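Survey of secondary and tertiary structure
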Amino acid sequence: MPARRTVAASGAPAALAIRGATVVTMDPLRTVLVADILVDTDGRIAELVPPDDNSARPAQRSIDASGQVVVPGLVQAHLHLCQTLFRGLAEDKPLLAWLRECIWPLEAAHDPDSMRASARLGIAELFLGGTTSILDMGTVHHTDTLFETALETGIRYTGGKALMDTGDGVPPGLLESTAIALRDNDRLADAWNERADGRLRYAYSPRFVLTATFDLLRSVGARARANHILVHTHASEQREETDLVRQRFGVSNIQLLANLGLAETNACFAHCVWPEPEEFDILASGGASVVHCPSCNMKLGSGAAPIAGYLERGVNVALGADGAASNNRLDGWEELRLAGLLGKFRDGPAALPAPDLVELATIGGARALGLDADVGSIEIGKQADLAVLDLRRAHAAGPDDVYTRLVYSARATDVQLVTVGGKIVVEEGKLIAFSEAEAIADAAEQRARLVKRLSA
Ligand SMILES: [Zn+2]
């Protein structure tokens, strides 16, 4: 890689220097080196230089990270920040009952205050664990609040309103006509896509095949192609769901999404636990990525997605914690470790080597979001979205391979420093983007109010 960004040649001090850490770049050569990372005032990575390079520019702020490990900020490509307040409120149920009996009524009970509290609590947890970019699915209402919260907190956010214009058991508060759902969707895309210098982006988010009409899904595909906006949906999460799709429409789930024009768009399909054999090729030849959510798949008893099989066929795969209602935490390191364990449980111990797993959580996620030119690896010119971990404690110390330590030993609490576009959001393991204590207190208050509204 080039050692310097050309615009950095002015000699002016860098905005930030993170010095002396082992840098796991996740560049195409998977370079790992000990280096100083210099960040320009525009928040992009300006230089990667050896720690003893006397020609390196000075920096306005210099942080000693020697002995620590720097990775690209984690990318989680499937989350529901609107569900953070539902943690522990939807236990021990299979997918369709979990949605109908718990999640949808709770989502329908949200107001803007509870939505904001839910998103802030989720973002606090994400930042503290080193996640810097997310793809989020909102509920049907209060999507502006999600974007406003992402704007304030500083997270790199792609999200959208859940589109639901049909479906068994959908409460009236969430069911919209196709026309109204699309009108609100278009308004939100106009209002939020590419805001805050591109840090906020919109995603068209039909919830899943069983709660969207063909009309709606076709319209989403057409809009995605015309406007180059990401599509985000759930697919083939549980057997009960895939059986119902086949019974109702005579075709398998991912095939149906392809028939409606959604597999060729830039799309993220969450779960894909139960693909039919021919659906591997649909995913490999189209623009869709699979988002693997191992905690959620295990907790809802959904199954083990064939991730090694997807990677062998050339399907892009990302990771996501899904929501606090089905996980019950948003810890990217936990998903990484479980992706490895579940993959090996399913396909044997040679499946999914550690560097490939780190790729899912970083550059694979960035590719899924269409953000790989900007984030997902530590390279000159990219956004300084970084997570610095101290892996010298008892559970992670060791001379062994850094990728293996990152996948199987690292914990969210090892994260010391996190930057998004060069802006520090976590320092010395503490959230500084906003008050964690206030976010927790506000969430507790709003959760009590939301549960009261639900039972009223
Ligand atoms: Zn989900």
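Below or above, wherever it landed, is the structure these notes cover. (Residues numbered from 1 in each chain as written. Predicted model: local features only at pLDDT ≥ 70, side-chain atom pairs only at ≥ 80, totals over all residues. Heavy atoms only, no water.)

1. Overview of the coordination of the zinc ion
- Bound to the zinc ion on the protein side are His-78 (NE2), His-80 (NE2), His-234 (NE2) and Asp-322 (OD), at distances that span 2.0 to 2.5 Å.
- Around the zinc ion sit 4 donor atoms; with metal-centred angles ranging over 86 to 176 degrees, the donor geometry is irregular.
- Positions of the donor residues of the zinc ion along the chain correspond to the pattern H-x1-H-x153-H-x87-D. Placement of His-80 in the loop between β6 (74-79) and α1 (95-108) and of His-234 in strand β11 (residues 230-235) is noted, with a sequence separation of 154 residues between them. Here His-80 and His-234 have matching classes, each one buried. (Donors = N, O, S within 2.8 Å, 3.2 Å for Na, K, Ca; no water. Tetrahedral: all angles 85-135°; square planar, octahedral: opposite > 155°, others 65-115°. Helix = DSSP H or I, 4+ residues; strand = E, 2+ residues; numbered from the N terminus. Buried < 20%, exposed > 50% of the residue type's maximum accessible area, 1.4 Å probe, protein only.)

2. As for the packing of aromatic side chains
- Scanning the model with the defined rule gives 6 aromatic pairs in all.
- Summarising the aromatic geometry, the rings of Phe-147 and Trp-192 are spaced 5.2 Å apart at their centres and angled 15 degrees between planes, so their arrangement reads as stacked. Of this pair, Phe-147 sits in helix α3 (residues 143-153) while Trp-192 is found in helix α4 (residues 178-192), placing the two residues 45 residues apart along the sequence.
- One cation-aromatic arrangement involves Arg-120 over Phe-434; the distance from NZ or CZ to the ring centre is 4.5 Å.
- Residue placement shows Arg-313 over the ring face of Phe-280; its charged tip is 4.6 Å from the ring centre. (Phe/Tyr/Trp six-rings, centres within 6.5 Å; stacked < 30°, edge-to-face > 60°. Lys NZ or Arg CZ within 6 Å of the ring centre and 35° of its normal.)

3. Description of the pairing of strand β1 (residues 14-24)
- Of all the 11 residues making up β1, 8 are buried; the element is thus mostly covered by neighbouring parts of the structure.
- Sheet topology note: the β1/strand β2 (residues 32-39) ladder contains 7 bridges and is antiparallel. Across the sheet, Ala-21 pairs through a bridge with Ala-35, a residue of β2. (Pairing = 2+ DSSP bridges.)

4. Digging into the nonpolar core
- With 134 residues, the main nonpolar core has Phe-269 and Leu-406 as its most contacted residues.
- Sequence-distant contacts of Phe-269, that is, excluding residues within four places in its chain, are made with Thr-233, Ala-235, Ile-254, Leu-257, Leu-262, Ala-263, Leu-283, Ala-288, Ser-289, Val-290 and Val-291. (Core = buried A, V, L, I, M, F, W, Y, C linked by side-chain atoms within 4.5 Å. Contact = heavy atoms within 4.5 Å.)

5. Focus on the packing of α3 against α4
- In the contact formed by α3 and α4, the axes pass within 11 Å of each other and the chain directions differ by 15 degrees. The angle between α3 and α4 falls in the class roughly parallel. As for how α3 packs across α4, the hand of that crossing is right-handed. Here Thr-143, Asp-144, Phe-147, Glu-148 and Leu-151 of α3 lie close against α4, whose contacting residues are Arg-187, Leu-188 and Trp-192.
- In the contact of α3 with α4, the residues fall into 4 nonpolar, 1 polar and 3 charged. (Axes fitted to C-alpha atoms, helices over the stretch in contact; angles between N-to-C directions. Parallel < 35°, antiparallel > 145°, perpendicular 65-115°, else oblique. Left-handed = near helix turned anticlockwise from the far one by under 90°. Nonpolar A, V, L, I, M, F, W, Y, C, P; charged D, E, K, R; others polar.)

6. A few points about helix α2 (residues 112-128)
- Here α2 is 17 residues long and its end C-alpha atoms lie 24 Å apart, about the 24 Å a rise of 1.5 Å per residue gives.
- At the C-terminal side of α2, Gly-130 shows a positive phi close to 85 degrees. (Expected span 1.5 Å × (residues − 1).)

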